[in-house]
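Listed here are the chains, written in short residue letters.
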Amino acid sequence: TGHHWGYGKEDGPSSWYKNYPVAEGNRQSPIDIVPNEASHDRDLGPIMTNYDHCTSINISNNGHSVVVEFNDSDDRSVIKGGPLDNPYRLKQFHFHWGGKGHEGSEHTVSGEGFASELHLVHWNAVKYKTYGEASTAPDGLAVLGIFLETGDDHRWLHMITDVLYMVKYKGSITDFKGFNPKCLLPSSLHYWTYLGSLTTPPLHESVIWIILKEPIEVSEKQLGMFRMLLFTEEDDDQKMRMENNFRPPQPIKGRRVRSSN
Ligand SMILES: CCOC(=O)CCc1ccc(S(N)(=O)=O)cc1
Ligand SMILES: [Zn+2]
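Every value quoted in this text rests on a predicted model; they were computed, and no experiment measured them. (Residues numbered from 1 in each chain as written. Chains lettered and ligands numbered in written order. Predicted model: local features only at pLDDT ≥ 70, side-chain atom pairs only at ≥ 80, totals over all residues. Heavy atoms only, no water.)

A closer look at the coordination of the zinc ion (ligand 2)
Within the protein, His94 (NE2), His96 (NE2) and His119 (ND1) serve as the donor atoms for the zinc ion (ligand 2), at 2.0 Å. In this structure, the zinc ion (ligand 2) is surrounded by 4 donor atoms whose angles at the metal cover 99 to 116°, and the resulting shape is tetrahedral. Read in sequence order, the donor residues coordinating the zinc ion (ligand 2) give the pattern H-x1-H-x22-H. Residue His94 is classed as buried on the basis of its relative accessible area of 12%. (Donors = N, O, S within 2.8 Å, 3.2 Å for Na, K, Ca; no water. Tetrahedral: all angles 85-135°; square planar, octahedral: opposite > 155°, others 65-115°. Buried < 20%, exposed > 50% of the residue type's maximum accessible area, 1.4 Å probe, protein only.)

Dropping the structure here:
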């Protein structure tokens, strides 16, 4: 079903255009963010997240990343404000990371990568009936991107790394209830924002990106736990370690990056 894609030499980002021609479109993500070329918009207000009545459901390995899914049947956990005209409902979050000692973020800042990048994926349930419909609309999705840099242990990330052994193989899924992603946010919600796309196939140009300027700190040990995940299924005799699951920066094609104050 659908086209096979991955992050290897044969099926990686440089070959995605073959099955997903939009890969060469005009609003592809990620991009390199150049802070002093970003424009300060006074009317760009703060973003607000209210994840308090958050309802995580499960955590799974989809063969590309580890994903925590949320109940999005009502507006209990949303992001709003900033560049958004409506509240957008939290659907899932997932990560992208590198290999030992290599960078793994998707967005870069003045050419610099980070060890990893967390994506909180939200959809415009005011304008669209389903996530699937929103995922193909130009203002359908809002993804909050948070950089992870290595340093001290993150006090709450262990809630996730402690269960990764349960989702080691592609296609594995397990209950993961009551996790509130508010604990993964940095102290400052200052951000850059621009119009882009999904960073994996189907690469739909449907994302309003909101990238937080302040990274969160996680330890090398915690990051190493992500690298014990596998791209491959349990019955696959090739054990491919899940790492370097990031798309490199794409051409800006004249787009403007705006900065909150
Ligand atoms: C309905 C079909 O679309 C999907 O399933 C989109 C899944 C998907 C969601 C978010 C992202 S990211 N890395 O840009 O945050 C990539 C792919
Ligand atoms: Zn992502």
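Remarks on the site of ligand 1
Around ligand 1, the neighbouring residues are Gln92, His94, His96, His119, Val121, Tyr131, Ser135, Val143, Leu198, Thr199, Thr200 and Trp209. Within the side chain of His96, a nitrogen or oxygen atom sits 3.3 Å from a nitrogen atom of ligand 1. Interatomic distance of 3.4 Å between a side-chain N/O atom of His119 and a nitrogen atom of ligand 1. Considered on its own, ligand 1 offers 450 Å² of accessible surface; in the complex 77% of this is hidden by protein. Taken together, the elements giving at least two residues each to the shell around ligand 1 come down to β7 (88–97) and β9 (116–123). (Near = heavy atom within 4 Å. Polar contact = N/O pair within 3.5 Å; in protein donor to acceptor, adjacent residues only side chain to side chain. Areas by Shrake-Rupley, 256 points an atom, 1.4 Å probe, with all protein chains shown as cover. Helix = DSSP H or I, 4+ residues; strand = E, 2+ residues; numbered from the N terminus.)

Observations concerning the packing of aromatic side chains
Using the criterion set out here, one finds 11 aromatic pairs in the structure. Note on Phe70 and Phe93: the rings are 5.8 Å apart at their centroids and 45° apart in plane angle, and the pair reads as tilted. Of the two residues, Phe70 is situated in strand β5 (residues 66–70) and Phe93 in strand β7; the sequence distance between them amounts to 23 residues. With respect to class, Phe70 is no different from Phe93; both count as buried. Judged by centre distance (5.8 Å) and plane angle (55°), the ring pair of Phe93 and Phe179 falls under tilted. Pair noted here: Phe93 is in strand β7 and Phe179 is in the loop between β11 (173–175) and β12 (191–196), with a separation of 86 residues, a long-range link. Each residue in the set Phe70, Phe93, Phe95, Trp97, Phe176, Phe179 and Phe226 is aromatic and connected to the rest through ring pairs, giving one cluster. The residue whose ring lies beneath Lys91 is Tyr131, and the NZ or CZ to ring-centre distance is 5.2 Å. (Phe/Tyr/Trp six-rings, centres within 6.5 Å; stacked < 30°, edge-to-face > 60°. Lys NZ or Arg CZ within 6 Å of the ring centre and 35° of its normal.)

Notes on the nonpolar core
Counting residues in hydrophobic clusters, the biggest one holds 47 residues, and the most contacted among them are Val66, Phe93, Phe95, Leu120, Leu144, Ile160 and Phe226. Mapped onto this core, the elements with two or more residues apiece are β5, β7, β9, β10 (141–150), β13 (207–212), β14 (216–218) and α3 (220–226). Contact partners of Phe93, with chain neighbours within four places excluded, come to Val66, Val67, Val68, Phe70, Leu118, His119, Leu120, Ile160, Phe179, Pro181 and Leu184. Core analysis: the second largest hydrophobic core is formed by 20 residues, Val109, Trp192, Tyr194 and Ile211 among them. (Core = buried A, V, L, I, M, F, W, Y, C linked by side-chain atoms within 4.5 Å. Contact = heavy atoms within 4.5 Å.)

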